[in-house]
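Structural features, examined
Residues per chain are reported as follows:
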Amino acid sequence: MKHIALYRKYRPKTFEEVIGQEHITKTLQNQIKNDQIGHAYLFTGSRGTGKTSVAKVFAKAVNCLNTQNGSACGECENCKRLEQENDINIIEIDAASNNKVDDIRQIREKVKFMPVGAKYKVYIVDEVHMLSDSAFNALLKTLEEPPSYVIFILATTEVHKLPQTILSRCVRFDFRYVSVDELSKHLAKIFDKENIKYDEESLKVIASAGEGSVRDTLSIADSIASYCQGDITKEKALSVLGTTDHKLIIEFFDKIQEKEVGEVLSLIDKIEKDGKNLAVFSKDLSRHARNLLICKTCKEANQMLNLTEDVFEMYKVQSEKFVEKDLIRYMQVFSSAESELRYALSVRLLLETTCLTAMLGFDVKKN
């Protein structure tokens, strides 16, 4: 039997199945219930946060014959037909490969035709920021005076590239990163359905690696589940990802703060012998310095970092041990070393030099 990727298998089919975007799904449901549906929507946000999925859910809901609390019932004739990927009433367009003015002119011609067996014809234009200037101008006319049975949903990761004339004609929704806790709960439900064994710590590791993206999180989970053959542990997850455990990173920074040269070198030796990628470890160090700086200086730190409460508390405690200028220097030193480490003849030697530079406050390569 052919394997179906988790992010495809568990793509939301109703508003209730969408995670982390309640501020959007609730608004759309209310519009459907109150028959206040707009003619043009703009979905913007980072990759994998649900823009296209919500667009498809919305397209099905507006055509449902028996909506339930603003969501599609999934049972009526329209819902079953719209489940088919090639339904003529839901038209998906990739603006990255259909970005010329002639492509948009074809849309302008096709919107004249009524939907078949449905109330609305929905156009979902993905990566809309890729349209050319002339294509945007052609689209503008259609957005200004669309037929009553047409809905446009424009999706983009780079909203700043859209002309103001387009923005002003759309109802805008900003998709947020999904929290680690929400992603962990989502993973647990999926693993339970797939009969995959896991521990709680492994869920947090995978969710953190997804960096707020549901699609990235499920893709990572797919790879780790294949490697672990249905029995996922924190250690195996970290091994696949090549990243370092939070506790080890915190210990490493404690040694840097205490200027324990021998301990720092010993930890690097241990990390290398454990098979960790030292270039990835350097990236983890740079990110950790940045996280500590955020903990130390920002009021809404955990909302920015998207960490679990126990990990955030460890970060908060450690951040008090450092002064801001040292953390900024660590960020500079470790981030600048990332590209060098990829091509270094001795990755370990360069990493050791970099750590000494950060720890002792001078450029070892110049002294």
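Along each chain, numbering runs from 1 in the same order as the chain's sequence is written. Where totals are concerned, whole chains, interfaces and linings use all residues; where local detail is concerned, this predicted model gives features only for residues with pLDDT of at least 70, and gives and counts side-chain atom pairs only at 80 or more. Hydrogens and waters are ignored; side-chain quantities use all the structure's heavy atoms.

As for the packing of helix α17 (residues 324-343) against helix α18 (residues 347-360)
Axes, fitted as lines to C-alpha atoms, cover a helix only where it is in contact. Angles between the N-to-C directions of the axes lie from 0 to 180 degrees. The secondary structure listing takes helices from DSSP runs of H or I that are at least 4 residues long and strands from runs of E that are at least 2 residues long, numbered from the N terminus. Viewed as axis vectors pointing N to C, α17 and α18 meet at an angle of 165 degrees, and their least axial separation amounts to 9 Å. One finds that α17 runs roughly antiparallel with respect to α18. Read as a crossing pair, α17 and α18 show a hand that is right-handed. Taken together, the residues of α18 that come into contact with α17 (itself represented by Arg329, Tyr330, Val333, Phe334, Ala337, Glu340 and Leu341) are Val347, Leu350, Leu351, Thr354, Cys355, Thr357, Ala358 and Met359. Three residue categories are used. Nonpolar comprises Ala, Val, Leu, Ile, Met, Phe, Trp, Tyr, Cys and Pro, charged comprises Asp, Glu, Lys and Arg, and polar comprises the others, including Gly. Among the residues forming the contact of α17 with α18, the class breakdown is 11 nonpolar, two polar and two charged. When describing relative orientation, an angle under 35 degrees is termed roughly parallel and one over 145 degrees roughly antiparallel, while 65 to 115 degrees is termed roughly perpendicular and anything else oblique. Helix crossings get a hand from a simple test, with the near helix turned counterclockwise from the far one by less than a right angle marking a left-handed crossing and a clockwise turn marking a right-handed one. Any two residues whose heavy atoms approach within 4.5 Å are treated as being in contact.

Focus on a negative patch on the surface
Within the patch definition used here, like charges are joined within 9 Å and nonpolar side chains (Val, Leu, Ile, Met, Phe, Trp, Tyr) within 5 Å, considering only residues with over 30% relative accessible area and no salt bridge. Method for areas: the Shrake-Rupley scheme with a 1.4 Å probe, in which residue coverage is limited to the protein chains shown. When a carboxyl oxygen of Asp or Glu is within 4 Å of a side-chain nitrogen of Lys or Arg, the pair counts as a salt bridge. In this charge count, Lys and Arg are treated as positive and Asp and Glu as negative; neither His nor the chain ends contribute. Lys charges are placed at NZ, Arg charges at CZ, Asp charges at CG and Glu charges at CD. On the surface, Glu251, Glu258, Glu260 and Glu263 cluster together into a patch of negative charge. With respect to the secondary-structure elements, Glu258 resides in the loop between α12 (246-257) and α13 (261-273).

Re the sheet that holds strand β5 (residues 171-175)
In this analysis, strands are considered paired if DSSP registers two or more bridges between them. Strand order in the open sheet formed by five strands is β2-β3-β4-β1-β5, and the pairing between neighbours is parallel. The open sheet has two edge strands with one neighbour each: β2 (90-94) and β5. Within the sheet, the average angular offset between the axes of one strand and its neighbour, ignoring direction, is 15 degrees. In the packing of helix α2 (residues 22-33) onto the sheet, the strands contacted are β1 (40-45) and β5, and the crossing angle to β5 comes to about 150 degrees.

Here's the deal with the state of the cysteines
Note on terminology: disulfide denotes any pair of cysteine sulfur atoms within 2.5 Å. According to the stated counting rule, one finds zero disulfides in the structure shown. Of the cysteine sulfurs around Cys295, a residue in no disulfide, the closest is that of Cys298, at 8.7 Å. Exposed residues in this analysis have more than 50% of their type's maximum accessible area, buried residues have under 20%, and partly exposed residues fall in between, with area computed by a 1.4 Å probe over protein chains only. By relative accessible area, which is 1% here, Cys295 ends up buried.

Describing α13
Helix span, as expected, comes to 1.5 Å for every residue beyond the first. Compared with an ideal rise of 1.5 Å per residue, which puts 13 residues at 18 Å, α13 spans 19 Å between its outermost C-alpha atoms and is within 8% of the ideal. Where α13 is concerned, the buried positions are Val264, Leu267, Ile268, Asp269 and Ile271. Of the surrounding secondary structure, the elements contacted by the buried residues of α13 are α12, α14 (278-297) and α18. Of the residues trailing α13, Gly275 is marked for its positive phi of about 85 degrees.

Looking at the nonpolar core
We call a set of buried Ala, Val, Leu, Ile, Met, Phe, Trp, Tyr and Cys residues a nonpolar core when their side-chain atoms join them within 4.5 Å. Of all hydrophobic cores here, the largest spans 37 residues; its most connected members are Phe252, Phe253, Leu285, Tyr330, Phe334 and Cys355. Listed by contribution, the elements that provide at least two residues to this core are α12, α13, α14, α15 (301-305), α16 (309-319), α17 and α18. Ranked by residue count, the leading element in this core is α14, at eight residues. If near-sequence neighbours (up to four positions away) are discounted, Leu285 is found in contact with Ile249, Phe252, Phe253, Phe334 and Cys355.

So, the pattern of salt bridges
Evaluation of the coordinates by the stated rule reveals 18 salt bridges. The closest approach of N and O atoms between Lys9 and Glu194, which form a salt bridge, is 2.8 Å. Taken together, the residues Lys9 in helix α1 (residues 6-9) and Glu194 in the loop between α8 (180-193) and β6 (197-198) connect sequence positions 185 residues apart. For Arg169, the salt bridge identified is with Glu144, shortest N-O distance 2.7 Å. Pair noted here: Arg169 is in the loop between α7 (164-167) and β5 and Glu144 is in helix α6 (residues 133-144), with a separation of 25 residues, a long-range link. Via salt bridges that share partners, Asp269, Glu272, Lys273, Arg348 and Glu352 belong to a single interconnected network.

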